[in-house]
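What the coordinates show
Now for the letters of each chain:
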Amino acid sequence: MNRMDQLKEINNKLKDYINESQFISNKCRNKIIKMLIETFSASITSEDYVKFANVDVSIKEDGKISLRGKDYDTAVKSNDISDIVNRFDVFKEKADAFLSNKNLSFDKLNNFSNIINIIVIGLIFLVIIAISIIAIKAIFSGNLSFTIWFIVFILPTIIPSLRNNISDRIMQAKNYFKKIIKRYNKR
């Protein structure tokens with residue numbers, strides 16, 4: 001493989017790392033960029049990449065790091081592709097370890113919150129069913145004072161706040177179930 005092909009492959013892998021980390025969070029992306037800067041001993045400050053939503057990073061032929069179109073000096077010898085490859089391999093090991101830890105905790109936390117959301121939806125529906133049964137029994141038993149009190153005070157208090165909360169939670173649960181089904185269909 002010639003020098004340009006190696007460099008192109010390294011830059012493609014670097015873009016993959018940036019995109020994967022940005023999917024997790026901007027803080028994670030910034031940590032990956034910081035690892036790259038430390039590995040290549042570049043003269044980049046955090047102000048150069050932290051404030052931007054999208055960051056384009058690549059390694060040039062002469063070993064410089066290009067960040068958002070601006071080139072920064074590194075400790076890489078200008079004509080030594082093996083130095084670039086070795087440094088990128090070190091970066092790749094660090095980034096893989098970091099992203100594997102982030103992905104696990106991110107997925108676990110996300111799954112935990114989705115499961116809690118489904119439990120809360122179930123409890124809300126149980127409360128709605130219980131209240132409905134009590135209201136129907138009160139109507140059929142002829143207890144008009146309770147029925148009027150229930151209609152005037154309880155329903156207006158519960159329904160508006162419950163409507164917004166339950167619709168948001170149902171959408172989150174629906175998206176979670178779609179994600180699970182998609183994950184199992186890929187297998």
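Here's a quick rundown of the structure. For clarity, every value in this text was computed on a predicted model and none was experimentally measured.

Rules used in this analysis
- Residues numbered from 1 in each chain as written.
- Predicted model: local features only at pLDDT ≥ 70, side-chain atom pairs only at ≥ 80, totals over all residues.
- Heavy atoms only, no water.
- Helix = DSSP H or I, 4+ residues; strand = E, 2+ residues; numbered from the N terminus.
- Expected span 1.5 Å × (residues − 1).
- Buried < 20%, exposed > 50% of the residue type's maximum accessible area, 1.4 Å probe, protein only.
- Core = buried A, V, L, I, M, F, W, Y, C linked by side-chain atoms within 4.5 Å.
- Contact = heavy atoms within 4.5 Å.
- Polar contact = N/O pair within 3.5 Å; in protein donor to acceptor, adjacent residues only side chain to side chain.
- Pairing = 2+ DSSP bridges.
- Axes fitted to C-alpha atoms, helices over the stretch in contact; angles between N-to-C directions.
- Salt bridge = Lys/Arg side-chain N within 4 Å of Asp/Glu carboxyl O.
- Parallel < 35°, antiparallel > 145°, perpendicular 65-115°, else oblique.
- Nonpolar A, V, L, I, M, F, W, Y, C, P; charged D, E, K, R; others polar.

1. Regarding helix H2 (residues 26–40)
Along its 15 residues, H2 runs 21 Å from first to last C-alpha, staying within 8% of the 21 Å computed at 1.5 Å per residue. When H2 is considered as a whole, its buried residues turn out to be Cys 28, Arg 29, Asn 30, Ile 32, Ile 33, Met 35, Leu 36, Ile 37, Thr 39 and Phe 40. Positive phi appears at Ser 41, one or two residues downstream of H2, with a value of about 50°.

2. Thoughts on the nonpolar core
Residues Ile 32, Phe 40, Val 57, Ile 59, Ile 84, Phe 88 and Phe 91 are the most contacted members of the largest nonpolar core, which totals 29 residues. If you list the elements that add at least two residues to this core, you get helix H1 (3–24), H2, strand E1 (57–59), strand E2 (65–67) and helix H3 (81–141). Those residues within four positions of Ile 84 in sequence are excluded, and the remaining contacts are Leu 7, Ile 10, Phe 40, Ile 59, Lys 60, Glu 61, Gly 63 and Val 76.

3. Quick look at the side chain of Thr 39
Note that Thr 39 resides in helix H2. At 2.7 Å, the side chain of Thr 39 forms a polar contact with the backbone oxygen of Met 35. If we skip the residues at most four places from it in the chain, Thr 39 touches Arg 87, Val 90, Phe 91 and Lys 94.

4. What to know about the sheet that holds E1
Read from one edge to the other, the open sheet built from three strands follows the order E1-E2-E3, with strand pairing classed as antiparallel. Across the chains shown, the open sheet's two edge strands, defined by having one partner strand only, are E1 and strand E3 (70–72). Pairs of neighbouring strands in the sheet enclose a mean axial angle of 25°, with direction left out of account. Relative to E3, E2 is paired through three bridges, and the arrangement is antiparallel. Residue pairing in the sheet places Ile 65 in a bridge with Tyr 72 of E3.

5. Quick word on the pattern of salt bridges
Opposite charge on two side chains allows them to pair when their charged atoms are near. One pass over the structure, following the stated rule, counts two salt bridges. Measuring nitrogen to oxygen at the nearest pair gives 3.2 Å for the salt bridge that ties Glu 9 to Lys 13. A residue pair is termed a helical-turn pair when its members lie 3 or 4 positions apart in one helix, as Glu 9 and Lys 13 do in helix H1 at four residues.

6. Looking at the packing of H1 against H2
One way to put it is that H1 packs onto H2 with a least axis distance of 5 Å and a crossing angle of 150°. Here H1 is positioned roughly antiparallel relative to H2, judged by the angle of their axes. In this structure, H1 contributes Leu 14, Tyr 17, Ile 18, Ser 21, Gln 22 and Ile 24 to the contact, and H2 contributes Asn 26, Cys 28, Arg 29, Ile 32, Ile 33 and Leu 36. Its residues assigned to classes, the contact of H1 with H2 shows eight nonpolar, three polar and one charged.

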